[in-house]
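# Fold and contact review
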Amino acid sequence: MAEMRPVDIAAASPASQTAEEAVSLPPEQPSTPPREWIRQNLFSTPFNSALTVVFGLLVLLTARGLLNFTFSEEREWDAVRTNLRLLFTHAYPEEQYVRIWVCVGTIAVLAGLSVGLAATTARGVSVKRLSSGLMALGAVVALGVVLREPSALSNADGSVRRNDSGVIRESFAEAMVDRWGWWLAAALLATAGAALWFRFGDERRRSTFVPSVELFMGVTAIVVLSAWVYPWGHYAFTDGEFIAEPGRTVAMSTKLPWTVMWLLLAVALAAGRRLRQAGAGSNFTLALNLCWLACPFVLYWVVLRDPDLDWDRVLSVDIPLGVLFAAGGAAVLWLLTDQRIGELGRIIAALLLGLAAFNWVAAFWGWYPMLQKVRLSFLLVALAALLAHNFAGDRSKRLRLLTVWAVVMAVFHYMATLMNSPSSVETPTEAFVGGFGVTLVVAAFTLLLSFPLGVMLALARTSKLPIFRVMSTSFIEVIRGVPLITVLIFFTIILNLFLPDGMEISVLASAVLGYTLFSAAYLAENVRGGLQSIRRGQFEASDAVGLTALQRTIFIVLPQSLRVSIPPLVGQAIATFKETSLLAVIGLFDVLRMANNVIPAQTEFLGVKREGLLFVCGVYWIFAYSMSKRSQRLEKQLGVGER
Amino acid sequence: MSSVGDATTALTEELAARNDMIVCQGVSKWFGDFQALDSISAVIKEREVVVVLGPSGSGKSTWIRCINRLEVHQEGRIVIDGVELTNDLRNIEKIRSEVGMVFQQFNLFPHLTVLDNVTLAPIWVRKKPKREAEEIARSLLERVGIPEQAEKYPGQLSGGQQQRVAIARALAMEPRIMLFDEPTSALDPEMIKEVLDVMKELARSGMTMMVVTHEMGFAREVADRVIFMEEGQLVETGTPEHFFTNPTEDRTKLFLSQIL
């Protein structure tokens, strides 16, 4: 019922809070009529009125510029439309494309389950906000229609008609009539908003809420449905062939998978909610979070990479090795969790760690050959042995540890085997993901790896042991003193020279390593700020109840300090996400390089760059903004237990 | 080195026979140039309730914090239940799990529920199965009078309730000694009683207790012995009757005249 589950902090308290709020709502403020609001807020003094007018004009001019740019007849949006696949996945082979959809689908299912399982803390959007938002959106669309300069007239062949003074445009009145479709859209939005507004009374408008999840699913449902009915146009670039047919609906290879994705999301959402109502939430949430952790690795190495297993080798080497380590490690752990072993247990664990470290040292001199995964397995055994004494106790507790160990070994050896097998996906470039895909892959791996590393660095920097302090401080200061691009180039070019013979590392892996170290240094400083905010009494209390330093760190210090450092941590995560655009510089085909170099080099779209760049901006913004929004929600949720 | 070791053993064995829970011999401590404790010697026996009184800055809290090594004494020796406090980490861990402590500022873990606050150490230090630890925790919460608050967070409780959780948290480790460092000083007057009631009940149950407090009523009613400190020194010690009605030292008289 009451395990230590951070999720429950969010789950338990807000429910009671909303219940309290329902009982005693603050007295209703009479809403100011619009004219009064404008007078009070925009034109309160002559000076403020002048400011409003000047900056209002500035905003309008900027909007007009953006509209004219985006909707200009000279824009070749076909360059983006036909190259969407290139932008998102680069040259992932057509016949294997279902793998991409499996990845997207997996993420959709996980996301749906997570959202469904999480207790709804936010009440969503009030009808008042929703309806006024719709009306405002309608107004903005209408304003845009008026603001944009009249369209250029075109010749019979579709080119823009020009004379000596420039492009020939239709008159303003003609433009307004021509844009009837936009007028219709604006009118529809405004009408929908107004209808909603007047359907609900003043009171209910404020107190009725549309849950955000339903709103999101509704809007995406409209988008997905429109792909089947509205002629958005059929554009594709496959096998070097361009297809651009404006009058049709979206290609089947686009609308069908996305419809499936939407359905998967909806089903997972419903399933998650059902599970939560059935009370299975807590166990399931843990499993789900583990799935989230595992999903980048599995999706990248198993699904996308499609490893080509050599079954002879698997049966003769890989499986026996895995079983050997699972059994041997289990025996060691069983021994070390015996309560009678005492100090000897820790000494054995330290010796195992020494052996594991020696295996790596030996690799550099080539003393004895050893599979990389054997070295890693030894390291895992040693780490588990170091932690073992925490699980000493009765038989069931020890058996549980052994079960976890067996699962870890199975997963690790499975992954290692797959990673060692060659990929069967044939792509023109070394990395088989490209475009926005490589951005996501690098960002996901960097965040997953740099977060624990950053926490460890921060702990080391505040450690009592001088060796840890010096190592951590110098690492952080060195990395922070070097520009990211330098770190990346260093790692991609020089790292292989430092590795022992027979060990090689791909450009993508070394890039991830560079990003990870760089990001970890910054994360460490953010976490350190959180560590310093923990009051001394917390340390004293954990000492007084007899917790060891490690237990104190894990149970008391980190949970509190990480909560404090959420805003800077998310800031760093967003920065890392955006910095993946530097991948273009070290020779990987990320989405920026697609827009900046690859598309402008296609014969059909020679030199067409601006459209792609604007599109890339939009894609980056959508992801960064949703991360920032998500973090705000997280802060609200986690702030609840504390006061 | 060996002579010190031998002496320790000798002292330890001698004390164990006498059922002494806390033995301090010439304990001194300095903060920089300021001497906080000036060769304090005292013995607290099993099941004894000792209240330490004194003006603020007299070193009461420093002394009690030395006893479970939250502060490190620089001279003298402290022996807890037969184990001497030295730099040896294992001894410190052993002593800390035998000695419960309640702080002035409660120091509950704000990110954990009340139940998790109480069960954390039993599960991870005493290696108790979770269910057993929770059963014990719930019975302790009942004992301190707040069984219904188990699932709440410390921030949602009143000061008095928080302090009672802190007492339950310390008791969950099944300590042989309880230290109270001004447990009611941060509480609103109407909440002091509920905490003192719990402490009285604890004292009656036979717990060895050392209490730093300003609550004279508590000292008079519950204490077996009162120790008066000033400027880092033990000035006077005796039964509450002796202490409150017939103190011998002038400094004690002055202190009593100021507060009573």
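### Structural notes on the nonpolar core
Nonpolar side chains tend toward joint burial in soluble globular proteins. All names here are of chain B. Within the largest apolar cluster, 49 residues are counted, with the highest numbers of intra-cluster contacts made by Leu53, Leu141, Ile167, Met178, Phe180, Met199 and Met209. Broken down by element, this core gets its largest block of residues, eight residues, from helix α7 (residues 189-204). Leave out the neighbours within four places in its chain, and isoleucine 167 touches Val102, Val144, Met178, Phe180, Val195, Val198 and Met199.

### Looking at the packing of helix α21 (residues 507-532) of chain A against helix α23 (residues 549-564) of chain A
Residue and element names in this part refer to chain A. Relative to each other, α21 and α23 sit at 115°, their axes nearing to 8 Å. For the element pair α21 / α23, the angle class is roughly perpendicular. Crossing of α21 over α23 shows right-handed handedness. Of the residues in α23, those in contact with Val527, Gly530 and Leu531 of α21 are Val557, Leu558, Ser561, Leu562 and Val564. Here the contact of α21 with α23 is built from residues that sort into six nonpolar, two polar and no charged.

### Quick notes on the domain arrangement of chain A
When its domains are assigned, chain A resolves into domain 1 (1-11 + 54-74 + 125-155 + 168-210), domain 2 (309-420) and domain 3 (427-643). With centres defined by C-alpha atoms, the gap from domain 1 of chain A to domain 3 of chain A works out at 36 Å.

### Quick look at the interface of chain A and chain B
Accessible area lost upon the coming together of the parts is a frequently used measure of interface size. Across the boundary between the two partners, chain A contributes 33 residues, which contact 34 residues of chain B. Across the contact surface, chain A and chain B share two salt bridges. For arginine 536 of chain A, the salt bridge identified is with glutamate 71 of chain B, shortest N-O distance 3.6 Å. Our enumeration of links across chain A and chain B arrives at six residue pairs in polar contact (both at pLDDT 80 or more). The set of elements that each furnish at least two residues to the side of chain A that touches chain B consists of α1 (6-23), α22 (536-544) and α23 of chain A. In terms of residue count, the dominant contributor to the side of chain A that touches chain B is α22 of chain A (eight residues).

### A few points about the confidence of the model for chain B
All names here are of chain B. On average, residues of chain B score 88 in pLDDT, and 93% of them are at 70 or above. Per-residue pLDDT stays below 50 along residues 1-7; that stretch engages in two contacts with residues further than four places along the chain or on separate chains. Listed scores for the predicted complex are pTM 0.81 and ipTM 0.89.

Cut-offs applied
Each chain has its residues counted from 1, running along the sequence as written. Chains and ligands are labelled by the order in which they are written, letters from A for the one and numbers from 1 for the other. Where totals are concerned, whole chains, interfaces and linings use all residues; where local detail is concerned, this predicted model gives features only for residues with pLDDT of at least 70, and gives and counts side-chain atom pairs only at 80 or more. Computation of side-chain values: all heavy atoms of the structure, hydrogens and water removed. Nonpolar core, defined: a set of buried Ala, Val, Leu, Ile, Met, Phe, Trp, Tyr and Cys residues in which side-chain atoms within 4.5 Å join the residues together. Residue burial is assigned from relative accessible area. The probe radius is 1.4 Å, only protein chains are included, and a residue is buried under 20% of its type maximum, exposed over 50%, and partly exposed in between. Note on conventions: DSSP H or I runs of at least 4 residues are helices, E runs of at least 2 residues are strands, and numbering of each starts at the N terminus. Throughout, a residue-residue contact means that at least one pair of heavy atoms, one from each residue, lies within 4.5 Å. What counts as an axis is a line fitted to C-alpha atoms, over the stretch in contact for a helix, and the angles between N-to-C directions run from 0 to 180 degrees. Any angle between 65 and 115 degrees counts as roughly perpendicular, while under 35 counts as roughly parallel, over 145 as roughly antiparallel, and the rest as oblique. Crossings are classed by handedness, with left-handed meaning an anticlockwise turn of the near helix from the far one by less than a right angle and right-handed meaning a clockwise turn. In the scheme used here, Gly and all other residues not listed as nonpolar or charged are polar, with Ala, Val, Leu, Ile, Met, Phe, Trp, Tyr, Cys and Pro taken as nonpolar and Asp, Glu, Lys and Arg as charged. Source of the domain bounds: an automatic or database domain assignment. Each reported salt bridge corresponds to a side-chain nitrogen of Lys or Arg within 4 Å of a carboxyl oxygen of Asp or Glu. For this analysis, a polar contact is any N or O atom pair within 3.5 Å, provided that within protein one partner can donate a hydrogen and the other can accept it, and provided that sequence-adjacent residues contribute only side-chain to side-chain pairs. pLDDT measures the predictor's confidence residue by residue and takes values from 0 up to 100.

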